[in-house]
Amino acid sequence: MGYDREKIIDNVRALMQIENDVAKSYDDFPYESYALKETHPSHIYTIATLYGFKPTLIDRANVLELGCASGGNIIPMAFHLPNARFCGIDLSKKQIELGKRLIEDLQLKNISLIHQSILDFNPLEKFDYIICHGLYSWVDANIREKILEICKNQLTATGIAYISYNTFPGWEIAGTVRDMLLLYTAAEKNPLHKATTARSLLMHLFTQLKNMTTPYSALVIQEVEILLKHSDAQLIHEHLSNTNEPFYFHQFMQAANKYDLHFLAEAFLSNMKTENLPAEYTVAPKNEENRILAGQYMDFVKNRRFRATLLCHERLIIQEKNIQEAIWKCYLRLVVLPDNDNFQENDILTPKEILFTNSIMCLNVNDPFSKLVMWILFQAKEKSLHYSELCKSIMQNVPQSFSEIQVFLDKLLLKAILGGIIDVNVVSPHYVLEVTDKPLACPFARYQVYYQNIVTNRRHENIQLTHLAQALLPYLDGAHDIKALIQVINDFVEEGALLIVDENNQPVNDEQKKFLQIEMLCKKTLNQLANQAILIR
């Protein structure tokens, strides 16, 4: 067989040009780089444990992030897990340099960021966790193959890969709107102008379709509303990029299986919820083939548009009983408040129904035992209760033996966990909910606040700060007491950096009233920061 040397050279040059164009795009319009809770080793470790897998403990893990941008996701992990090791690579030189400056400022020794194409990445070491978020659907086939090859070759025997991607059938309508935007902005060469032009079309579509009542217009307007909330960088890199390839779940798993990578679970536990399926997918032992088929059918039922799949080397058989038993080792936190804000303890013994509703499910709690369980979690507010602690509180309020109520309890918890009503974690939380006389905030958040108004909390979530919280956070160093913190805010007000207003949004001019308002707002903000998992011991 002969080789067409010129064609090979042309192909190589074309690939290099595509990479250069992509790198320049991310240099010129950096993608917002923030924390992603679902990618955190703690979260992945928890889900793996629930499904009977035994990954490496996170405090000594080796973690790789492909497409790390400026490190907004991986650097907080490295800060909070000093005995673990982290490596991130990205094609954008500008973003890697920005991340390296942050690492230098924080004097972190357990993380490295590398400016490199994934195609050229051939590490000698192996990793316990590999994170690939927002990349797989947005790159060409050869890079997708390389991603899977890295996961196959560089994962340890008990390693886990997280890969997110767009999915059909949910991306059908999103793809239609994307094609419309690409056609409408085809003449624009400047990415920022392209994003502006796309936004003008989205606004036009919103105006024209918002009063229409056809099923199709409802689908389009829903997609338009999503895109209008996106930043210019998100529009440029997600919806106006040269490549955006959705997949059916079973297609993605076929590609992964070719590299001896197997389905563990979904990073979003709610995507593991199955209902209205044939008995063979809900009753029989859940081998990989059945689980993939069940997941694919649920994608059809839910019109799912995005997945974040966890892969491992091992084929797993999943039993619901094993998942319920794994919950016994977990901390539980109610993350969806009851629809009725006036949920009272005396509602437990009344016929009154209590509803917990999110975009995934409506949990209808109407029997006394279920209401008691949800009441205990509701009263804990932001506190995570260990399963044993929850059980202890339950047993103080019921006459039955623990063995009589445990099966019912475990089924309720599993239903609420898979429905996104209760958050679950094997790792104990490392934050406090009480405001001490000398409050101490997470040092990483105190560093971040000097450069941005979004900080990473101790649950690896992004917290949008109020102006007052921004002013207060740098002083939460454990040295300033409440009185001193109130004076700090008072000084900011006196200097005109902060404005104190009354309930009618009018400036408060009376000095005594102003000081009382500052005192109240300062204490309220401290409680908010505590509930947002930013304060530590």
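Here we come to the pattern of salt bridges. The final tally for this structure, using the stated rule, is 21 salt bridges. Residue Glu-519 pairs with Lys-523 through a salt bridge whose shortest N-O separation is 3.7 Å. Taken as a pair, Glu-519 and Lys-523 lie in helix H20 (residues 511-531) at a separation of 4 residues, close to a single helical turn. Note on Glu-519: relative accessible area 26%, which makes it partly exposed.

On the secondary structure map, Ser-270 appears in the loop between strand S6 (262-266) and helix H11 (279-282). Aside from chain neighbours lying at most four places away, what touches Ser-270 is Arg-304, Ile-360 and Leu-418.

We now examine the sheet that holds strand S12 (residues 422-425). Pairing is antiparallel across the open sheet formed by 3 strands, whose spatial order is S11-S8-S12. Of all the strands in the sheet, just strand S11 (385-386) and S12 have a single pairing partner and so form its edges. Strand direction decides the pairing type here: strand S8 (residues 331-334) and S12, joined by 4 bridges, are antiparallel. When the bridges of S12 are listed, Arg-333 appears paired with Asp-423.

Given a rise of 1.5 Å per residue, 13 residues ought to cover 18 Å, and the 18 Å separating the end C-alpha atoms of helix H19 (residues 482-494) matches this to within 8%. Of all the residues in H19, the buried ones are Ile-482, Leu-485, Ile-486, Val-488, Ile-489, Asn-490 and Val-493. Contacts from the buried residues of H19 go to helix H18 (467-472) and H20. One or two positions beyond H19, positive phi appears at Gly-496, with a value near 85°.

For Leu-412, the location among the structural elements is in helix H16 (residues 402-418). A sequence separation of 42 residues divides Leu-412 from Ser-370, and the C-alpha atoms of the two residues are 7.3 Å apart. Setting aside chain neighbours within four positions, we find Leu-412 in contact with Ser-370 and Val-373.

Packing of helix H14 (residues 368-380) against H16 leaves a shortest axis separation of 11 Å and a crossing angle of 60°. With respect to H16, the element H14 is oriented oblique. For H14 against H16, the interelement crossing comes out right-handed. Along its contact with H14, which presents Phe-369, Ser-370 and Val-373, the element H16 presents Ile-405, Phe-408, Leu-409, Leu-412 and Leu-413.

Sheet architecture is open: 7 strands sit in the order S3-S2-S1-S4-S5-S7-S6, paired in mixed fashion. Looking at which strands have only one partner, the edges of the open sheet turn out to be strand S3 (111-115) and S6. Each adjacent strand pair in this sheet contributes to an overall mean axis angle of 20°, direction not counted. With 6 bridges connecting them, strand S5 (residues 155-166) and strand S7 (residues 306-312) associate as antiparallel partners. By the bridge assignment for S7, Tyr-165 is matched with Arg-307.

Burial along strand S9 (residues 354-357) is one-sided: Ile-354 and Phe-356 are buried, while Leu-355 and Thr-357, pointing the other way, are not. Note: S9 against strand S10 (residues 362-365), 4 bridges, orientation antiparallel. Directly across from Ile-354, in S10, lies its bridge partner Val-365. Taking the residues between adjacent antiparallel strands as the criterion, S9 and S10 are bridged by 4 residues.

Below, the discussion takes up the environment of Ser-164. Structurally, Ser-164 is set in strand S5. With a relative accessible area of 0%, Ser-164 lands in the buried category. It is 6.1 Å that separates the C-alpha atoms of Ser-164 and Thr-309, two residues lying 145 residues apart in sequence. Setting aside chain neighbours within four positions, we find Ser-164 in contact with Cys-132, His-133, Gly-134, Tyr-136, Phe-306, Arg-307 and Ala-308.

What counts, and at which threshold
Residues numbered from 1 in each chain as written. Predicted model: local features only at pLDDT ≥ 70, side-chain atom pairs only at ≥ 80, totals over all residues. Heavy atoms only, no water. Salt bridge = Lys/Arg side-chain N within 4 Å of Asp/Glu carboxyl O. Helix = DSSP H or I, 4+ residues; strand = E, 2+ residues; numbered from the N terminus. Buried < 20%, exposed > 50% of the residue type's maximum accessible area, 1.4 Å probe, protein only. Contact = heavy atoms within 4.5 Å. Pairing = 2+ DSSP bridges. Expected span 1.5 Å × (residues − 1). Axes fitted to C-alpha atoms, helices over the stretch in contact; angles between N-to-C directions. Parallel < 35°, antiparallel > 145°, perpendicular 65-115°, else oblique. Left-handed = near helix turned anticlockwise from the far one by under 90°.

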